[in-house]
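An overview of the molecular structure
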Number of protein chains: 4
Amino acid sequence: MNPMQPAAVERPSAPSTKLPRTMRAVVKAARGPGAEIREVPVPSCGPGEVLLKVLRAGVCGTDLHIYTWDTWSQDRIKPPVTLGHEFVGEVIERGAGVTEVEVGDRVSCESHIVCQHCVACRTGSGHVCENTRILGVDVNGGFAEYVTVPAVNAWRAPRNIPIEVAAVMEPLGNAVHTAFAGPLSGCNIAITGCGPIGLFAIAVARAAGASRVFASDVAPYRLDLARRLNADAVLDVSREKFVDRILELTNGRGLDGVLEMSGNPQAVRDGLSALRNGGRISLLGLPKEPFELNWNRLVIFKGITMHGIIGRRMYDTWYQMDNLLGSGRLDIRPVITHVMPMEKFDEAIGLLRSGHAGKVVLVPWGEQAGGSA
Amino acid sequence: MNPMQPAAVERPSAPSTKLPRTMRAVVKAARGPGAEIREVPVPSCGPGEVLLKVLRAGVCGTDLHIYTWDTWSQDRIKPPVTLGHEFVGEVIERGAGVTEVEVGDRVSCESHIVCQHCVACRTGSGHVCENTRILGVDVNGGFAEYVTVPAVNAWRAPRNIPIEVAAVMEPLGNAVHTAFAGPLSGCNIAITGCGPIGLFAIAVARAAGASRVFASDVAPYRLDLARRLNADAVLDVSREKFVDRILELTNGRGLDGVLEMSGNPQAVRDGLSALRNGGRISLLGLPKEPFELNWNRLVIFKGITMHGIIGRRMYDTWYQMDNLLGSGRLDIRPVITHVMPMEKFDEAIGLLRSGHAGKVVLVPWGEQAGGSA
Amino acid sequence: MNPMQPAAVERPSAPSTKLPRTMRAVVKAARGPGAEIREVPVPSCGPGEVLLKVLRAGVCGTDLHIYTWDTWSQDRIKPPVTLGHEFVGEVIERGAGVTEVEVGDRVSCESHIVCQHCVACRTGSGHVCENTRILGVDVNGGFAEYVTVPAVNAWRAPRNIPIEVAAVMEPLGNAVHTAFAGPLSGCNIAITGCGPIGLFAIAVARAAGASRVFASDVAPYRLDLARRLNADAVLDVSREKFVDRILELTNGRGLDGVLEMSGNPQAVRDGLSALRNGGRISLLGLPKEPFELNWNRLVIFKGITMHGIIGRRMYDTWYQMDNLLGSGRLDIRPVITHVMPMEKFDEAIGLLRSGHAGKVVLVPWGEQAGGSA
Amino acid sequence: MNPMQPAAVERPSAPSTKLPRTMRAVVKAARGPGAEIREVPVPSCGPGEVLLKVLRAGVCGTDLHIYTWDTWSQDRIKPPVTLGHEFVGEVIERGAGVTEVEVGDRVSCESHIVCQHCVACRTGSGHVCENTRILGVDVNGGFAEYVTVPAVNAWRAPRNIPIEVAAVMEPLGNAVHTAFAGPLSGCNIAITGCGPIGLFAIAVARAAGASRVFASDVAPYRLDLARRLNADAVLDVSREKFVDRILELTNGRGLDGVLEMSGNPQAVRDGLSALRNGGRISLLGLPKEPFELNWNRLVIFKGITMHGIIGRRMYDTWYQMDNLLGSGRLDIRPVITHVMPMEKFDEAIGLLRSGHAGKVVLVPWGEQAGGSA
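Residues numbered from 1 in each chain as written. Chains lettered and ligands numbered in written order. Predicted model: local features only at pLDDT ≥ 70, side-chain atom pairs only at ≥ 80, totals over all residues. Heavy atoms only, no water.

1. Considering the relation of the copies chain A and chain D
Superposition record for chain A on chain D: RMSD 0.0 Å, screw rotation 180 degrees, translation along axis 0.0 Å. Such a combination of rotation and displacement between the chain copies is what one expects of a two-fold axis. For chain A, the residue whose C-alpha comes nearest the rotation axis is A:Glu292, separated from it by 1.8 Å. Comparing interface residues between copies, 100% of those in chain A also lie at the interface in chain D; the contact surface is shared. (Least-squares fit on C-alpha atoms with pLDDT ≥ 70 in both. Contact = heavy atoms within 4.5 Å.)

And the structure:
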């Protein structure tokens, strides 16, 4: 239903005289570290698909993994593939049967292309579709001048959302999905890990009604950003004990919920320890390797609920983002620390590596940054 | 387990030399309209109970019903009874076996005295206890210098809550219970009816994460208060059509939830019409009489969920209030429009009748208003 | 996405030499009472659609409404239209892009053709799609030799389900959806109204873990069927008081849930009265006209949850039916009281009118009844 | 509120002339392996308590741990203490203020004595009370002729429940709590571990509406019992691969839920692997030590929900047991493989050690087995 074009095919017919035959793109060209900027064909647009002119794109930790060619990437990536799974674009062509969006619409994109046929897809849980393919990972993505996506993945976010924010609704949706997986309103919530999704989660938890939002990390740069997002308390767990401090901050009651964004085993254990009995922990951060828990003390005796979280609920999470952002309740701009030309992709990767960046947004060739955010 | 003393008994032994034998109280003395200020015995304090010096008390629409001696009151009230079911007091004596609170604690009070034995009580749903007795309705209440309550009903709210706010946590809890009965975070919510509980609900829905909060009423005084509470839109349904305006405000999508605070049949019907399919309406407002619905069009075809709401979840709602108020996220002070001596109870009733009041808070004899709120 | 063919078009090309150009069908031919058996074109099969040879079809109360041409039908039905929204068929042709089913599959059909674009559809709630069209009501249905349906509506039920049962999964799904809308396991449940869906609900509630299942009606024929389905108690509410009897049967505790299948105002009121505080009532039966409730006494003071139920969750309900029927836990065969040729449609309508039928299943021309059920 | 008497005090006044001053009891008398049968004082009955004549008592794996004096026991048990936390008794004396039960009532007992004051207790989650004391572990239990329990812990189960079944409602409640922690009706459920609670869970899952119930273990004796409880499939995981077999049994779809009763790390991992995406696992079995998981593959990417389960919901689980057992839907008698005199406690412990027992029920001195079950 949502077939994607092969990595590089000739375009049979241009939608207008202005559409070029080739474009610039950030391509994982070969098995091994790095990525290169290449001239590749502008993708075609099949039935049920839309062709977008990319306006902005966000860089994700996953892009860094692919760039450095870690074990996960070696298993998953089949070069050549255009990278980029966070982006916003303008619809410039619609494939056969597309009615969801119009040419000219500005659309953010869900990166999971799902099968629509498996049990998960047919019961409102497309985010755990068994046959998921991911834009910029399994099929060509948005670090390019143009990209083709299934029309159902194209989301017309409210026009009053700044374009840099529209570019990163995909990772923002991870934060919203995690936060909304359990009670928030009137709750004491901690976010463990202040990478971009953790930082988003601080803002989301506040906007969505958590009464107190605590955030922890070890990196001063990230802790500073957490403060700028108005976390009620920011815990530097290289210097202070997470559990002690949380108990102090909650009058000994503990947390109602933990949004785990770090994948760090100690953060999971500390989060569990700091939960009140009956609390919940929602796990989005991916641990580097298996780790152990004292199940009895941390989970069973406490009556804890743990959720594994992946992707975004399709499309409940997007409606929630629409409301949060469109109403002005949620402001995530402080997380976006850098906006730079897509041409400087290597530099963006360097920033991520340095740890001195929140979310980095790229401006494709021909687009101009500034003003709109 | 929580036996209340009869309406007026002699006090067997005073807890200290300072406790007088009699006190001033607002008493429903006889079957018929009105209430009178009387000298009555200071209540005693049995096992499991605490004696409070009343610091502040809120006046409720129910007090007006009892004052005017409507049909409901005629069925329910057995004079003589001291009125007042919203109040905050200082613990000055503890009965046998009380460990929950200390002498000197400032406590707000849950007004429902529940049996602890019925199915509802034993499954975490004491708010629908089959044997509920209500302070100030079935047993002597808080419009007095002193009042005795079961220790489990005495709630030590955070000290940073203003005393007038602590006085009205009971009706605030109605608003919190109604709001928290369904999804709030990231939702479009309307509150129909801007009496004090409706006004509280505006503030609660905002603090608890609703993305857009709309409020409707017909009285200009109340609509003004709704604006002061920062409702995203305030609908004067004497002049504009609720459903049309809501659809306009929500881009045609409709509401995710309605908090019905008016008991007005048209408000219920309009609320149902304006809900998106699959939405929820939580009904707290008490209709004056039975009324009809077009069930097919308004409920069944739309897949609506309706909740009947009464009281406060015991004590989930109180913990939620603790977090909302204690964190500073929730500010309900604009709802409290009048603070006056309890001696002027008749005047307070007059204010409620006039419709030119939000919540009226009374200051008992010997207490001094001002400063603390 | 799922366009249905117009009422009668010429078939451009037959899938095989054996497919005839015309077929027999039960057609609502004109505005007014009745229906007629006509020779009409065999429908074509567009992209995303499948053409089925109809094997069996169930007759529904809605068919009776359309036949008698009641007010609802006058508003909704645009003749000519082939009736029939409950059926099972064999796939004999697949339109372009269809991968869900294979030629030769036996499929039951979801009758709601939904838009896939509205908020409801995109958040797992297609059953309350704002743009629903219904097979046999808005577009040609299954009282015919052949029918075309969207491939996503074709459900491959387990092969071990008898064909007459497979024919009526649509109304069975109404019962499952209603039953599964709230707690069932270990609950005391009453079903008010023992038409076919109410009878299905008795069997479903038992198979799905209700501890006690009570059923009420006034018609002796239906009460007998309820007994055959092993309801724990069957209440003839023309002779006994529903509430008194339920309290007796539940040791005074009342019901945990009511599945309302009658649309009768007194049944709704009795159901609410007999619920324990905090219970739920799920409303599927369509009242003939608006009716009133004592909201305070029956809903608000009791803390009741009411659900409006329509259709089947798409496709959660179908997976649940798969499990219930495929495992052998659920046996609804006693509800199917008549199997007769489709040619005798008028007689089937007469049976429904008489009230002396459970579910009536029709065998299309050329199919042979018997053996398989 | 529910203070228990110290281990052994003189009885101030007997309730009747027939109550002896001393009794036989199975006492953990000293730090170290074993237990001894001793003559101890009959306990007194304080305010809010009831004195029971013990009728039957179940032996639990925890009793075996205490007997063998494992690490957990060394930390927790303070001898001397009378063992036994599963039992049924007859009320022979009520302390001051007790209204819940009458003298002569037959009552099963909740073993968790909870504080009623902590957040968990005050929000309907007493099973995770922070101050839980357990009968037969922290305070004197029911392996004796008499026992005193808080009146709120005494549960009047339906009279039609066999006495041996009434004796083991405490561990049965563990199974019910675990099963009811997530969806059951119409679900495919596996129980990993067929000790007595696992065996109970098989029967519960069936009675509560699971469509298919699979059970796994390695011990032939337990696998035989699982078959006797009509599990739809019994998996000997010493011979067959859990995941492969489950996929085969579910047509490749996987499980909707796992009830983990073994504490075995491989069972947890296999259970997670065999869950469909979005499924749930409820963990009651206590692992002997911390163990690791591949969180990404088994929990996060699959969107799994994990619950830690302890005790019984107080008292929701007991009402559910009432309905399940009282209606006759649930029959757990095949799990009770041995009924023997309490005098033979050492032999009972030997049976548990041998693995050749399901649930062992003890008959106190003076009581006679037989007939009633």
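2. Looking at the side chain of D:Glu86
All names here are of chain D. Looking at where Glu-86 falls in the secondary structure, it is placed in strand 5 (residues 86–94). Within the structure, Glu-86 has its side chain in polar contact with the side chain of Lys-359 (distance 2.9 Å). Sequence-distant contacts of Glu-86, that is, excluding residues within four places in its chain, are made with Arg-56, Ala-57, Gly-58, Val-59, Cys-60, Ala-167, Val-168, Glu-170, Pro-171 and Lys-359. (Helix = DSSP H or I, 4+ residues; strand = E, 2+ residues; numbered from the N terminus. Polar contact = N/O pair within 3.5 Å; in protein donor to acceptor, adjacent residues only side chain to side chain.)

3. Notes on the confidence of the model for chain A
Per-chain confidence: chain A averages 94 in pLDDT, with 94% of residues scoring 70 or above. Note that pLDDT drops below 50 for residues 1–14 of chain A; the model gives that stretch 39 contacts with residues more than four away or on any other chain. (pLDDT = per-residue confidence, 0-100.)

4. Describing the sheet that holds strand 11 (residues 188–192) of chain A
Read across the sheet, 12 strands follow the order 13(A)-12(A)-11(A)-14(A)-15(A)-17(A)-17(D)-15(D)-14(D)-11(D)-12(D)-13(D) without closing on themselves; strand pairing throughout is mixed. Taken across any chain shown, the strands that pair with only one partner, and hence form the sheet edges, are strand 13 (233–236) of chain A together with strand 13 (233–236) of chain D. The sheet shows a mean angle of 15 degrees between the axes of neighbouring strands, direction not considered. Those strands touched by helix 7 (residues 220–228) of chain A are strand 12 (212–217) and strand 13 of chain A, and its axis lies near 170 degrees from that of strand 13 of chain A. (Pairing = 2+ DSSP bridges. Axes fitted to C-alpha atoms, helices over the stretch in contact; angles between N-to-C directions.)

5. Some thoughts on the packing of helix 5 (residues 169–179) of chain B against helix 6 (residues 196–207) of chain B
All names here are of chain B. Look at helix 5 against helix 6: their axes get within 8 Å of each other, and the N-to-C directions meet at 55 degrees. As far as their axial angle goes, helix 6 and helix 5 are oblique. The two elements helix 5 and helix 6 cross, and the hand of that crossing is right-handed. Residues Pro-171, Leu-172, Asn-174, Ala-175, Val-176 and Ala-179 of helix 5 form the contact with helix 6, whose participating residues are Ile-197, Phe-200, Ala-201 and Val-204. (Parallel < 35°, antiparallel > 145°, perpendicular 65-115°, else oblique. Left-handed = near helix turned anticlockwise from the far one by under 90°.)

6. So, the environment of A:Leu184
Looking at the element boundaries, A:Leu184 is found in the loop between helix 5 (169–179) and strand 11. Counting along the chain gives 24 residues from A:Leu184 to A:Ala208, while the straight-line C-alpha distance between them is 6.9 Å. With sequence-adjacent residues up to four places away left out, A:Leu184 is seen in contact with A:Ala179, A:Ile189, A:Ala208, A:Gly209, A:Ala210, A:Ser211, A:Arg280 and B:Ser185.

7. Let's talk about the interface of chain B and chain A
Across the boundary between the two partners, chain B contributes 24 residues, which contact 24 residues of chain A. Across the chain B to chain A interface the summed buried area is about 1,700 Å²; carbon plus sulfur atoms make up 35%. Counting across the interface, chain B meets chain A through four salt bridges. Notably, a salt bridge pairs A:Arg253 with B:Asp322, separated by 3.4 Å at the nearest N-O pair. The interface formed by chain B and chain A contains 17 residue pairs in polar contact (both at pLDDT 80 or more). Ranked by residues supplied to the side of chain B that touches chain A, first place goes to helix 11 (residues 316–326) of chain B with five residues. Taken together, the residues of the side of chain B that touches chain A sort by class into nine nonpolar, eight polar and seven charged. (Buried area = accessible area lost by both parts, 1.4 Å probe. Salt bridge = Lys/Arg side-chain N within 4 Å of Asp/Glu carboxyl O. Nonpolar A, V, L, I, M, F, W, Y, C, P; charged D, E, K, R; others polar.)

8. Notes on the sheet that holds strand 11 (residues 188–192) of chain B
Spatially, 12 strands are ordered 13(B)-12(B)-11(B)-14(B)-15(B)-17(B)-17(C)-15(C)-14(C)-11(C)-12(C)-13(C) in an open sheet, and the strand pairing comes out mixed. The sheet terminates laterally at strand 13 (233–236) of chain B together with strand 13 (233–236) of chain C, the two strands that pair on one side only. Strand-to-strand, the axes of this sheet are offset by a mean angle of 15 degrees, without reference to chain direction. Bridge analysis of strand 11 (residues 188–192) of chain C against strand 14 (residues 255–260) of chain C gives four bridges, and the strand direction is parallel. Counterpart to C:Ile191 in the pairing with strand 14 of chain C is C:Leu259.

9. A word on the packing of aromatic side chains
Working definition: an aromatic ring pair is given by the centre-to-centre distance plus the angle between the planes. Summed over the entire model, instances satisfying the criterion amount to 26 aromatic pairs over all chains. Consider the rings of D:Trp155 and D:Trp318, whose centres lie 6.0 Å apart with planes at 40 degrees: the pair is tilted. Note that D:Trp155 is positioned in strand 10 (residues 154–155) and D:Trp318 in helix 11 (residues 316–326), a separation of 163 residues in sequence. Under the relative-accessibility criterion, D:Trp318 is labelled buried at 0%. The rings of A:Trp155, A:Tyr315, A:Trp318 and A:Tyr319 are connected pair by pair, giving a single aromatic cluster. Between A:Arg122 and the ring centre of C:Tyr315, over which it is positioned, the NZ or CZ distance is 4.0 Å. The ring of B:Tyr146 has B:Lys53 sitting right over it, with the charged end atom 5.5 Å from the ring centre. (Phe/Tyr/Trp six-rings, centres within 6.5 Å; stacked < 30°, edge-to-face > 60°. Buried < 20%, exposed > 50% of the residue type's maximum accessible area, 1.4 Å probe, protein only. Lys NZ or Arg CZ within 6 Å of the ring centre and 35° of its normal.)

10. A look at the pairing of strand 5 (residues 86–94) of chain A
Each regular strand carries side chains that alternate between the two faces of the sheet. Residue and element names in this part refer to chain A. Where strand 3 (residues 49–59) and strand 5 come together, eight bridges link them in antiparallel fashion. Paired with Leu-51 across the two strands is Glu-93, which belongs to strand 5. Across three bridges, the pairing between strand 5 and strand 6 (residues 106–109) is antiparallel. Along strand 6, the bridge assignment pairs Gly-89 with Val-107.

11. Some words on the pattern of salt bridges
Residues and elements named next belong to chain A. Taken as a whole and judged by the stated rule, the model has 80 salt bridges over all chains. Measuring nitrogen to oxygen at the nearest pair gives 2.6 Å for the salt bridge that ties Arg-276 to Asp-256. With Arg-276 in strand 15 (residues 275–283) and Asp-256 in strand 14 (residues 255–260), this residue pair connects regions lying 20 residues apart in the sequence. Each of the salt bridges in this network shares a partner with another, and the network as a whole consists of Lys-53, Arg-56, Glu-164 and Glu-367.

12. Topic: unusual backbone geometry
Following A:Pro79, the chain continues into A:Pro80 via a peptide bond in cis, with omega recorded as 0 degrees. Relative to the helices and strands, A:Pro80 resides in the loop between helix 2 (71–76) and strand 4 (81–82). Non-glycine residue C:Asn251 carries a positive phi angle of around 55 degrees. Of note, C:Asn251 is situated in the loop between helix 8 (242–249) and strand 14.

13. Details of the nonpolar core
Across soluble globular proteins, you tend to see nonpolar side chains buried next to one another. Residues and elements named next belong to chain A. Grouped together as the largest cluster of nonpolar side chains are 64 residues, with contacts concentrated most on Leu-172, Ile-191, Ile-202 and Leu-330. Residue assignment for this core shows that the elements contributing at least two residues are helix 3 (119–122), helix 4 (163–167), helix 5, strand 11, helix 6 (196–207), strand 12, helix 7 and helix 11 (316–326). For this core, the leading source of residues is helix 6, giving eight residues. Residue contacts for Leu-330: discarding those within four places in its chain leaves Leu-172, Ala-203, Val-204, Ala-207, Leu-324 and Leu-325. (Core = buried A, V, L, I, M, F, W, Y, C linked by side-chain atoms within 4.5 Å.)

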